[in-house]
Amino acid sequence: MIGGRRLFTREVMEKQQTWFYVAALLVGAGIGLGMPDWGSALVYTVSPVLACLLYTMFVQIPFLQLRASISNLRFIGSLLVANFVVVPMVVWLLITLFPQTSAVSLGVYLVLLTPCIDYVIVFTQLGRGNEKLMLASTPMLFVVQMIMLPVYLWLFMGSEAAQIMQLGPFAEAFLFLIVIPLLLAICTQAVSKGRPKGEAILNATAWLPVPLMALALIVVVASQIGQVYEEWAVMVNVLPIYVAFMIVMPVFSRIIARMFRLDVGAGRALIFSASTRNSLVVLPLALALPAEWSAITAAVIVTQTIVELAGELIYIRVVPAVLIKD
């Protein structure tokens, strides 16, 4: 503290959070490659850390004031069209142009067909989009993607995917990553409303999303980077798919935003939603696959996370400066 002012505040942390995430990637890679036994052990922490992360994000959502956001039918409609109509067609085309083995294709489908519901909120805010709309839509996006993902896998991979992807992991992910954190967040708000101690708890939880996101990146990368390194040739082979996706989806999203006549903030939020994928939340699904599939599929997902975070650093500057200006 200098002159009565704190040098490190929550606002400062949130503005600089991108660099926390870059540092987390480097720490995770260092642990996974330098101490592989530790990295392998951290795989068991992935789901609990993600659950804690989502709880801290959900508890920031003002559930009693969401009616205006949820009633924004044009934004909700644009999200559904972009994420569940346009994205699947783009992904199918990219897999057709850059064919992969079944295990690699499954990883690409898992990660690119599921819209992000966690750090997309962060990058939407950094890209001067309407992060409140993104916060309000996260439960809906997760429910719809969990319903539609098996359908897409059946359409794109046929009976092979249906035999591999069992209902159990999906139900477990939905229960432990969304339902329980969401209910706990609602209970926290209900108990805290109008109580000084409760408000203090809510203010304290507002500090947690950034460090927990960094922790999630550390445990995910540390637990999977060894497999990425071992399968380096395979990972390089999927890079054109991920890079092409990050280039074309903002363009399509801009067109959809115009079709739905979205305002500036909502249009930017749409671009980030359609272009940012659910890398962390689908990882437990990949890890629950049979052994001959799980390692390579999980590595494909982690590779996308690394590529995407680099792309987001470009997005937060290009989206407000070029694609949708003030």
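Residues numbered from 1 in each chain as written. Predicted model: local features only at pLDDT ≥ 70, side-chain atom pairs only at ≥ 80, totals over all residues. Heavy atoms only, no water.

**Some details on the overall build of the protein chain**
Counting secondary structure elements, the protein chain contains 17 helices and zero strands. Taken over C-alpha atoms, the radius of gyration comes to 19 Å for the protein chain, in line with the 20 Å a tight globule of 326 residues would show. In terms of overall dimensions, the protein chain has a C-alpha envelope of 55 × 50 × 35 Å along the principal axes. Each of the 326 residues in the protein chain was classed as buried or not, and the buried ones make up 53%. Restricting to contacts in the protein chain with at least 6 residues of sequence separation, those with at least 24 account for 87%. Per element, the accessible surface of the protein chain, about 14900 Å² overall, is 69% carbon and sulfur. A gap of 18 Å separates the mean positions of the 18 positive and 15 negative side-chain charges of the protein chain. (Helix = DSSP H or I, 4+ residues; strand = E, 2+ residues; numbered from the N terminus. Rg over C-alpha atoms; globule rule 2.2 N^0.38 Å. Buried < 20%, exposed > 50% of the residue type's maximum accessible area, 1.4 Å probe, protein only. Contact = heavy atoms within 4.5 Å. Areas by Shrake-Rupley, 256 points an atom, 1.4 Å probe, with all protein chains shown as cover. Lys, Arg positive; Asp, Glu negative; His and termini not counted. Charge placed at Lys NZ, Arg CZ, Asp CG, Glu CD.)

**Description of the packing of aromatic side chains**
Under the counting rule described, the total for this entry stands at four aromatic pairs. Ring geometry for Tyr21 against Phe123: centres 6.5 Å apart, planes inclined by 70 degrees, an arrangement best described as edge-to-face. In this pair, Tyr21 sits in helix α2 (residues 17-34) while Phe123 sits in helix α8 (residues 119-126), placing the two residues 102 residues apart along the sequence. According to the relative accessible area criterion, Phe123 is buried, its value standing at 1%. (Phe/Tyr/Trp six-rings, centres within 6.5 Å; stacked < 30°, edge-to-face > 60°.)

**Considerations on a nonpolar patch on the surface**
A surface patch of nonpolar side chains, about 390 Å² in accessible area, is lined by Trp92, Leu93, Leu97 and Phe98. Examined against the element boundaries, Trp92 turns out to sit in helix α6 (residues 73-97). On the basis of relative accessibility, which here comes to 43%, the residue Trp92 falls in the partly exposed class. (Patch = residues over 30% accessible without salt bridge, like charges linked within 9 Å, V, L, I, M, F, W, Y side chains within 5 Å. Salt bridge = Lys/Arg side-chain N within 4 Å of Asp/Glu carboxyl O.)

**Some points on the layout of surface pockets**
Here the second largest pocket defines a volume of roughly 300 Å³. Looking at the second largest pocket, it is lined by 14 residues, and the ones nearest its centre are Ser47, Pro48, Glu172, Ala173 and Pro284. Mapped by element, the contributors of at least two residues to the lining of the second largest pocket are α4 (46-58), α11 (167-192) and α16 (283-287). Residue composition of the lining of the second largest pocket, by class: twelve nonpolar, one polar and one charged. (1 Å grid on protein atoms, 1.4 Å probe; cavity = no way out; pocket = protein on both sides within 12 Å on 5 of 7 lines; lining within 4 Å. Points joined across faces, edges and corners; volume = space filled by probe spheres on them. Nonpolar A, V, L, I, M, F, W, Y, C, P; charged D, E, K, R; others polar.)

**As for the packing of α8 against helix α17 (residues 291-323)**
Relative to each other, α8 and α17 sit at 20 degrees, their axes nearing to 9 Å. Taken together, α8 and α17 sit at an angle that is classed as roughly parallel. Once α8 is placed against α17, the crossing between them reads as right-handed. Across from Tyr119, Phe123 and Leu126 in α8, the residues of α17 making contact are Thr305, Glu308, Leu309, Glu312 and Ile316. When the residues that make up the contact of α8 with α17 are grouped by side-chain class, the tally is five nonpolar, one polar and two charged. (Axes fitted to C-alpha atoms, helices over the stretch in contact; angles between N-to-C directions. Parallel < 35°, antiparallel > 145°, perpendicular 65-115°, else oblique. Left-handed = near helix turned anticlockwise from the far one by under 90°.)

**Examining the side chain of Arg268**
Of note, Arg268 is situated in helix α15 (residues 264-275). Using a relative accessible area of 2% as the deciding quantity, one classes Arg268 as buried. A polar contact of 2.8 Å, which involves the side chain of Arg268, links it to the backbone oxygen of Arg128. The residues contacting Arg268, other than those within four sequence positions of it, are Gly127, Arg128, Gly129, Val319, Pro320, Ile324, Lys325 and Asp326. (Polar contact = N/O pair within 3.5 Å; in protein donor to acceptor, adjacent residues only side chain to side chain.)

**Points about unusual backbone geometry**
Phi angles above zero are rare outside glycine, and Arg128 is one such case at about 60 degrees. Relative to the elements of secondary structure, Arg128 occurs in the loop between α8 and α9 (131-157). Arg128 sits in the partly exposed class, given a relative accessible area of 47%. A positive phi angle, close to 55 degrees, is found at Arg261, a residue other than glycine. Residue position: Arg261 is located in the loop between α14 (232-259) and α15.

**Overview of the packing of α8 against α9**
Where α8 meets α9, the closest approach of the two axes is 8 Å, and the angle between their N-to-C directions is 165 degrees. With respect to each other, α8 and α9 are oriented roughly antiparallel. Helix-helix and strand crossings are classified by hand; for α8 and α9 the assignment is right-handed. Contacts between α8 and α9 pair Val120, Ile121, Thr124 and Gln125 from the former with Glu131, Met134, Leu135 and Thr138 from the latter. In terms of residue class, the contact of α8 with α9 is built from four nonpolar, three polar and one charged.

**Some thoughts on empty space enclosed by the protein**
Summed over all chains, the structure comprises one cavity of 30 Å³ or more. Looking at the largest cavity, its volume works out to about 30 Å³. What lines the largest cavity is Leu112, Tyr242, Phe245, Met246, Gln304 and Val307. Looking at the lining of the largest cavity, the elements that each hand over two or more residues are α14 and α17. Residue contributions to the lining of the largest cavity peak at three residues, all from α14.

**Regarding α15**
Think of an α-helix as turning once every 3.6 residues; residues three or four places apart then point the same way. Here α15 spans 17 Å end to end across twelve residues, near enough to the 16 Å set by a 1.5 Å rise per residue. Taken across its twelve residues, α15 has eleven buried, putting it largely inside the fold. For α15, the set of buried residues is Gly265, Ala266, Gly267, Arg268, Ala269, Leu270, Ile271, Phe272, Ser273, Ala274 and Ser275. On its buried side, α15 packs onto α6, α8, α9, α14 and α17. At the N-terminal boundary of α15, the capping side chain belongs to Asp263, with an oxygen 3.2 Å from the backbone nitrogen of Gly265. (Expected span 1.5 Å × (residues − 1).)

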